Amino acid sequence: MNDLPHPPIATRDAWLTARRALLAEEKALTHQMDAVSAARRRLPMVKLDKAYVFDGPDGKTRLLDLFEGRRQLIVYHFMFDPEWEKGCSGCTGFVNALDDLSLLHERDTSFALVSRAPLVKLRAYRAEQGWRWPWVSSLDSDFNYDFHVTLDAAVAPPVYNYRSREELEARTGEPHFMSGEGHGLSVFFRLSEEVFHSYSTYARGCESLTDAYALLDRTPYGRQEDFEDSPPGWPQRPTYG
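Residues numbered from 1 in each chain as written. Predicted model: local features only at pLDDT ≥ 70, side-chain atom pairs only at ≥ 80, totals over all residues. Heavy atoms only, no water.

> I keep staring at the side chain of Thr150 and nothing clicks. Help me out?
Topologically, Thr150 is positioned in strand 7 (residues 150–151). On the accessibility criterion, Thr150 (4% relative accessible area) is buried. There is a polar contact of 3.4 Å between the side chain of Thr150 and the side chain of Arg116. Polar contacts involving the side chain of Thr150 include one to the side chain of Glu181, which spans 3.0 Å. The residues contacting Thr150, other than those within four sequence positions of it, are Arg116, Asn144, Tyr145, Gly180 and Glu181. (Helix = DSSP H or I, 4+ residues; strand = E, 2+ residues; numbered from the N terminus. Buried < 20%, exposed > 50% of the residue type's maximum accessible area, 1.4 Å probe, protein only. Polar contact = N/O pair within 3.5 Å; in protein donor to acceptor, adjacent residues only side chain to side chain. Contact = heavy atoms within 4.5 Å.)

> In this structure, what is going on with unusual backbone geometry? I would like to understand it.
In most cases, non-glycine residues show a negative phi, while peptide bonds are predominantly trans. Despite not being glycine, His148 shows a phi value in the positive range, around 60°. In this fold, His148 is placed in the loop between helix 6 (143–146) and strand 7. You can call His148 partly exposed: its relative accessible area is 28%. Of note in this structure, Ala203 is not a glycine but carries a positive phi near 50°.

> For this particular structure, what's the right way to read the pattern of salt bridges?
Oppositely charged side chains are able to pair whenever their charged atoms sit close together. According to the stated counting rule, one finds 15 salt bridges in the structure shown. Salt-bridge contacts for Asp142 lead to Lys50; the nearest nitrogen and oxygen are separated by 3.0 Å. Residue Asp142 is located in the loop between strand 6 (135–137) and helix 6, and its partner Lys50 is located in the loop between strand 1 (46–47) and strand 2 (53–56); the two are separated by 92 residues in the primary sequence. In this structure, Glu225 and Arg237 form a salt bridge, with 3.6 Å as the shortest nitrogen-oxygen distance. On the criterion of sequence distance, the pair formed by Glu225 in the segment after helix 8 (211–216) and Arg237 in the segment after helix 8 is long-range, its members being twelve residues apart. (Salt bridge = Lys/Arg side-chain N within 4 Å of Asp/Glu carboxyl O.)

> Any chance you could explain the side chain of His183 here in plain terms?
By the element assignment, His183 lies in the loop between strand 10 (180–181) and strand 11 (184–191). A polar contact is formed between the side chain of His183 and the side chain of Tyr76, at a distance of 3.0 Å. Of the polar contacts made by the side chain of His183, one reaches the backbone oxygen of Ala203; its length is 3.4 Å. Leave out the neighbours within four places in its chain, and His183 touches Tyr76, His77, Met79, Cys91, Phe94, Val149, Tyr160, Tyr202, Ala203 and Cys206.

So this is what it looks like as structure tokens:
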């Protein structure tokens, strides 16, 4: 038992001193997050010059239709290659963590999943998982390529998380997403029948879809992934495996 990696053991007073010091850092982070959210709300938006059409359970479905009459639309780009029989396990974990999103509807916002796999596979996987979220196929659309969640140099120069191929190749310590499916989150805004793109994020920018990471971040072992700065001996596994 003594060989088990664990935080140092301290008195209650010593713990309280350390906890108060950490609280100051947490407060500063909260204020910084508020400032970033404020800046995000002030981002300009870009009018879409394509009328994207997807395959949906009720037939051809426009991006505009996914708003379901609301003002804002959040799209999760779910990784599901047309050749795969199952959706990405990481994306599956994210969507499984979603529960009651009624607050979105109360705030004039809709949520939908978009993947490149054909609709028949999406419907089967949706039923298997017991999900109720709208999910459409972008297989016959430029949507995934235009929003950089499907990378194919034969279609367009690879860009992921706003980095060019050269920038991606220069990075170390993380996989280089040069081809295939990626995940992301995009936000759209509607003015009458016109649709605008206001925001997209990728990679770890999507992790707030689930509270599981936020909860693990508050435990001694954290997420137990190898990107984390943890003490020697802490359990860790490859983040991307």
